Amino acid sequence: WHRGAATYRRHLERFAAEPPPAPPRPGEDEALAAIYAAIRRLPPVDRSLLLLHLDGLGYAAIAEIHGLSENHVGVRLTRLRQRLTLLLQETTDELR
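Residues numbered from 1 in each chain as written. Predicted model: local features only at pLDDT ≥ 70, side-chain atom pairs only at ≥ 80, totals over all residues. Heavy atoms only, no water.

**Quick look at the overall build of the protein**
Part 1 of the argument: Counting its regular elements, the protein contains five helices and zero strands.
Part 2 of the argument: Of the contacts made within the protein by residues no fewer than 6 positions apart, 56% connect residues no fewer than 24 positions apart.
Part 3 of the argument: Approximately 7000 Å² of the protein is accessible, and the part contributed by carbon and sulfur atoms is 58%. (Helix = DSSP H or I, 4+ residues; strand = E, 2+ residues; numbered from the N terminus. Contact = heavy atoms within 4.5 Å. Areas by Shrake-Rupley, 256 points an atom, 1.4 Å probe, with all protein chains shown as cover.)

Below is the structure:
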């Protein structure tokens, strides 16, 4: 765990040094809000896996942080993308 925690802190420091992203274009606010709302509905471990992947970490780094195999990270991310797609479809259906 200590090695994983140190790696995680190192990644956080690297991302903290990056400049802030550009402001969203008109119409993107609603889409991003829906995506992040769906991500917040995921269990904490799944949310962490997905956010680390969105931050650009590779399967090996995510596997080391969570103590999983790279293959297991890939399988879980594939299933998470499918679940997130369903959650977003439910959200858009509710808005109609």
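**A look at the packing of helix H2 (residues 28-40) against helix H3 (residues 44-54)**
Part 1 of the argument: Between H2 and H3, whose axes approach to 9 Å, the crossing angle comes to 140 degrees. By the criterion of interaxial angle, the relationship of H2 to H3 is oblique. Every residue of H3 that contacts H2 at Tyr 36, Ile 39 and Arg 40 is listed here: Arg 47, Leu 50, Leu 51 and Leu 54.
Part 2 of the argument: A per-class count over the contact of H2 with H3 returns five nonpolar, no polar and two charged. (Axes fitted to C-alpha atoms, helices over the stretch in contact; angles between N-to-C directions. Parallel < 35°, antiparallel > 145°, perpendicular 65-115°, else oblique. Nonpolar A, V, L, I, M, F, W, Y, C, P; charged D, E, K, R; others polar.)

Any link to function would need more than the numbers given here.
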